[in-house]
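Residue-level structural notes
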Amino acid sequence: MGTMFARGLKRKSAEDGEDVEGGLAGTQATPSYSLQRQSLLDMSLVKLQLCHMLVEPNLCRSVLIANTVRQIQEEMTQDGTWRVVAPQAAGRAPLDRLVSTEILCRSVREQEGERPAPDVGDGRMPGLVPGLSAVPSAQALRSPQSSLWEVDSSRENRGGFQKSLDQIFETLESKTPGSVEELFSDVDSSYYDLDAVLTGMVGSTQSGHGSGLQAFTSAATPPPGSSCRSDLGELDHAVEILVET
Amino acid sequence: MLLSLPALHLQTSEYHPLFQLPHGRRGPWCSPSGSPAPLSSETGCGEGSWILVCRLLVPTQVSLLSMEEDIDTRKINNSFLRDHSYATEADIISTVEFNHTGELLATGDKGGRVVIFQREQESKNQVHRRGEYNVYSTFQSHEPEFDYLKSLEIEEKINKIRWLPQQNAAYFLLSTNDKTVKLWKVSERDKRPEGYNLKDEEGRLRDPATITTLRVPVLRPMDLMVEATPRRVFANAHTYHINSISVNSDYETYMSADDLRINLWNFEITNQSFNIVDIKPANMEELTEVITAAEFHPHHCNSFVYSSSKGTIRLCDMRASALCDRHSKFFEEPEDPSNRSFFSEIISSISDVKFSHSGRYIMTRDYLTVKVWDLNMENRPIETYQVHDYLRSKLCSLYENDCIFDKFECVWNGSDSVIMTGSYNNFFRMFDRNTKRDVTLEASRENSKPRAILKPRKVCVGGKRRKDEISVDSLDFSKKILHTAWHPSENIIAVAATNNLYIFQDKVN
């Protein structure tokens, strides 16, 4: 891995006028740069997933990794290699499609389509829903929001990376308790956090169920529906009951 | 490399013990008073060097031994120099701090214990033993906790220890884990009352019918016992993990900083604290920066600094407003465009910030460098020192194995002329600000015999490796020196390497 980035991975800023021609073309054109960048993105996303389930993960580290992912996505968006599939995303400016930090840090739990509603945050910096795993640019990229809910459809496309992700998910899943208790134990504890209540974040986020203030809050747009919506509604409802009492 | 010694503690009539230099010899590096023998550590020859004074281990059993009251804790000294094989992860030292006189040295570990070492007193019989530190007290400061609401453990690891200046016979220190700060009082007891009327020697109540005389208890000497008692517990004020604590120069308040907030406490009040900095965004989605370290100004009780994960430092004045979200000064170095990479932000994240003793400068540590800033100049540091620039080409690997997130600390010497910080492979580095020379030393069992002079180390970057050099690829990244401390007035340093505490001193002493 050490040889992969000879002297750190350089990228050109768009404002760097005189260098853009040669630089951007040069860096973009090399497939190795794209591959390197992609693998850095993959690595970063895996890092965000591999959180310690017992101890609260390091917020500084998570923020730094998330910022790195954002940087890569910004650049990929400018390069045009970050393609979005979902139709509702078509009209938006590229920046809107940037994955928000909260989505990057969603908890890993609903694989295999068992529980399509990803739990949004248990006060930790949780991992990533499989759908958001860094699909190589050659394949279809979903919008961040839709990817949350599409758990299994293009699993077959992901190849080797997904395989290792699956292993991670299996080990994580084996630690989680039964589903009903899980519903509440993994509910974001910020529901009980005075901060969350006071700032009105509880139950009001677009993702349908309140997100953690410990985790990052949800993305800008509501998720496209499907079967998860009813589950989300239930969770939201349950949470509202908890908060009101 | 020649380091100027402070003018204290040196007698001009002293010969250098190793090289028999004539006294009174002066070079351009001598302090104006003519104190001889500055330090040199390039090849071990020259007028001064660092030697290992002692290596201390903190085996798990020590804390059990010290609980028994009839054991003189000083007897445990001898056990430290033996090689213990049961060092566990709980023994990993997580913080090191000298007190204000340098007489005491405190360490905290991952297991929540605090071990305090005391300097051996100078005696005529054993002059050479001066400078050694022996165990003075050991206690369990923090216990692991479980946050039931979040289903998360709260680690007992001691993140920071800070001493209070001594005001009476007892010693006071603050120790903190991720969530709770505690004030500990460490005091000696060397007398005990004997001859109670109502109790017998074991403390049991006597049968009143047997009491026929009246007597007053008398204080009799006993074996020295050092006890540590928690005097204050400052809890439930931090949602995020505490990374720094700092005692104010008014000695009445202190601050504790977590990732997003800084709180100001009064030592006497444990159920309230003032929030003086809050960088938590209303929408957590916008969070891109966290607080990484904070410290009060050494003389101005209204000023403090805090550093961020984006490589910036803010100086705040508490007189300006109750909530110091707006800084008085903002220190940031413009980015070097030629070095830009995806890792630029991560390696610019500041892991430690320290005021100089004079209060005029601040020193910051980021992943690859140490920087000294003048408080009067915000746009760039006045000095930058490369700690291990050979790692710049390895950033991707270091990102992969998470080493890029290691938080190294940095320290000033007593006269603010030398700065020190750690690196990998048990290396640590010293930079002389005056002569601009630097040295790399190693804290490891294999290379250090007691009283032997430390040999400077060198990392070979490319090409031919000379005999004593080590190549970058051979570095052991699991052996990292994150925590070091420098005696406030003498050239004695403490270096924590995993579960070992090394104490080095300048040989001239």
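Since we're looking at a predicted model, the values are computed, not measured. Residue indices begin from 1 for each chain and proceed along its sequence in written order. Ligands are numbered from 1 and chains lettered from A, in the order in which they are written. The predicted nature of this model means local features are confined to residues of pLDDT at least 70 and side-chain atom pairs, given and counted, to a pLDDT of 80 or more, with totals for whole chains, interfaces and linings taken over all residues. Side-chain figures throughout are based on the complete set of non-hydrogen atoms in the structure, without hydrogens or water.

What about the overall build of chain B?
Put simply, the rule reads: Helix and strand definitions follow DSSP, with helices as H or I runs of at least four residues and strands as E runs of at least two, each counted in order from the N terminus. Working rule for contacts: check all heavy atoms of both residues, and any pair within 4.5 Å makes them a contact. Shrake-Rupley sampling with a 1.4 Å probe provides the accessible areas, and residues are treated as covered by the protein chains on show and by no other component.
Along chain B, the regular secondary structure elements total four helices and 34 strands. In chain B, of all internal contacts separated by at least 6 residues, the share reaching a separation of at least 24 is 56%. A total of about 22,900 Å² of accessible surface is found on chain B, and carbon and sulfur atoms cover 49% of it.

A few points about the environment of Ser307 of chain B
Residues and elements named next belong to chain B. Threshold: When a residue's accessible area, from a 1.4 Å probe over protein chains only, is under 20% of the maximum for its type it is buried; when over 50% it is exposed; and in between it is partly exposed. Throughout this description, a polar contact denotes any pair of N or O atoms lying within 3.5 Å of each other; where both atoms belong to protein, one of them has to be capable of donating a hydrogen while the other can accept it, and for residues adjacent in sequence the pair is counted only when both atoms sit in side chains.
Its place among the elements puts Ser307 in strand β19 (residues 303–308). A relative accessible area of 0% means that Ser307 is categorised as buried. Along the primary structure Ser307 and Phe331 are separated by 24 residues, whereas in three dimensions their C-alpha atoms are 9.2 Å apart. If we skip the residues at most four places from it in the chain, Ser307 touches Val290, Ile291, Thr292, Ala293, Thr312, Ile313, Ile350 and Val353. For Ser307, the side chain forms a polar contact with the side chain of Thr292, separated by 2.7 Å.

A look at the confidence of the model for chain A
Test applied: The quantity called pLDDT is the predictor's confidence in a given residue, expressed from 0 to 100.
Summarising the model, chain A shows a mean pLDDT of 51, and 20% of its residues fall at 70 or more. Contacts for the low-pLDDT stretch residues 1–7 of chain A, under 50 throughout, to residues beyond four places or in other chains number 17 contacts.

With respect to the confidence of the model for chain B
Residue and element names in this part refer to chain B. Per-chain confidence: chain B averages 84 in pLDDT, with 82% of residues scoring 70 or above. Low pLDDT, under 50, characterises residues 1–48; the stretch is placed with 101 contacts to residues that sit more than four places away or in other chains. For the stretch residues 59–86, pLDDT sits under 50, and the model shows 42 contacts to residues farther than four places along the chain or on other chains. Confidence metrics for the complex model read pTM 0.68 and ipTM 0.82.

Quick notes on the pattern of salt bridges
To keep things clear, this is the line we draw: The term salt bridge refers to a side-chain nitrogen of Lys or Arg lying within 4 Å of a carboxyl oxygen of Asp or Glu.
Tallied over the full model, the rule gives 35 salt bridges over all chains. In this structure, the salt-bridge partner of Glu75 of chain A is Arg37 of chain A, at a minimum N-O distance of 2.7 Å. Taken as a pair, Glu75 of chain A in helix α3 (residues 59–79) and Arg37 of chain A in helix α2 (residues 31–49) lie far apart in primary sequence, 38 residues in all. Judged by its relative accessible area of 6%, Glu75 of chain A falls in the buried class. Asp190 of chain B is the salt-bridge partner of Lys191 of chain B, the closest N and O atoms lying 3.7 Å from each other. Because the salt bridges share partners, they merge into one network encompassing Arg37, Glu75 and Asp79 of chain A.

Examining the sheet that holds strand β13 (residues 218–234) of chain B
Residue and element names in this part refer to chain B. Selection rule: Strands were regarded as paired on the criterion that DSSP finds at least two bridges between them. Helix axes are fitted only over the stretch in contact, all axes being lines through C-alpha atoms; the angle between N-to-C directions runs from 0 to 180 degrees.
If you walk across this open sheet you meet the four strands as β10-β11-β12-β13, and the pairing is antiparallel. Strands at the two margins of the open sheet, each flanked by one partner only, are β10 (160–163) and β13. Averaged over neighbouring strand pairs, the angle between their axes works out to 25° when direction is ignored. Here strand β11 (residues 171–176) pairs with strand β12 (residues 181–194) via six bridges, running antiparallel.

Here we look at the pairing of strand β34 (residues 500–506) of chain B
Residue and element names in this part refer to chain B. In terms of residue burial, β34 counts as a mostly covered element, since seven of its seven residues are buried. Summarising the sheet, strand β3 (residues 50–57) and β34 pair through seven bridges and their orientation is antiparallel. Counterpart to Ile51 in the pairing with β34 is Gln505. Relative to β34, strand β33 (residues 492–497) runs antiparallel, the two sharing six bridges.

Description of the packing of aromatic side chains
Residue and element names in this part refer to chain B. Where we set the bar: Pairing of aromatic side chains here covers Phe, Tyr and the six-membered ring of Trp, requires ring centres within 6.5 Å, and sorts the geometry by plane angle: under 30 degrees stacked, over 60 edge-to-face, intermediate tilted.
One pass over the structure, following the stated rule, counts 20 aromatic pairs over all chains. Ring geometry for Tyr254 against Trp265: centres 6.1 Å apart, planes inclined by 10°, an arrangement best described as stacked. Remark: Trp265 occurs in strand β16 (residues 261–266) and Tyr254 occurs in strand β15 (residues 253–258); sequence separation between them is 11 residues. In this structure Trp265 comes out as buried when scored by relative accessible area, which is 2%. With 5.9 Å between their ring centres and 50° between their planes, Tyr399 and Phe405 make a pair best called tilted.

Side note on the packing of α2 of chain A against α3 of chain A
Residues and elements named next belong to chain A. This is how the line gets drawn: Put simply, a crossing is left-handed when the front helix is turned counterclockwise from the back one by less than a right angle, and right-handed when it is turned clockwise. Polar here means any residue other than Ala, Val, Leu, Ile, Met, Phe, Trp, Tyr, Cys and Pro, which are nonpolar, and Asp, Glu, Lys and Arg, which are charged; Gly is therefore polar.
Contact pair α2 / α3: the axes reach a minimum separation of 10 Å and the direction vectors enclose 145°. Along this stretch, α2 crosses α3, giving a crossing that reads as left-handed. Judged by residue contacts, Tyr33, Arg37, Gln38, Leu40, Leu41, Ser44, Leu45, Lys47 and Leu48 of α2 engage Arg61, Ser62, Ile65, Ala66, Thr68, Val69, Ile72, Glu75, Met76 and Asp79 from α3. A per-class count over the contact of α2 with α3 returns 10 nonpolar, four polar and five charged.

A short note on the nonpolar core
Residues and elements named next belong to chain B. Stated formally: For the purposes of this section, nonpolar cores are sets of buried Ala, Val, Leu, Ile, Met, Phe, Trp, Tyr and Cys residues that join through side-chain atoms within 4.5 Å.
Judged by nonpolar contacts, the single largest core of 43 residues is most densely connected at Tyr367, Leu391, Leu398, Tyr399, Ile404 and Leu475. Residue contacts for Leu475: discarding those within four places in its chain leaves Tyr390, Asn425, Phe427, Val459 and Ile470. Core analysis: the second largest hydrophobic core is formed by 18 residues, Val411, Met430, Trp486 and Ile493 among them.

Quick word on the pairing of strand β4 (residues 93–98) of chain B
All names here are of chain B. When you tally the buried positions in β4, you get five out of six residues, the bulk of the element. Two elements, β4 and strand β5 (residues 104–109), share five bridges in a ladder whose sense is antiparallel. Bridged to Glu97 within β5 is Ala106.

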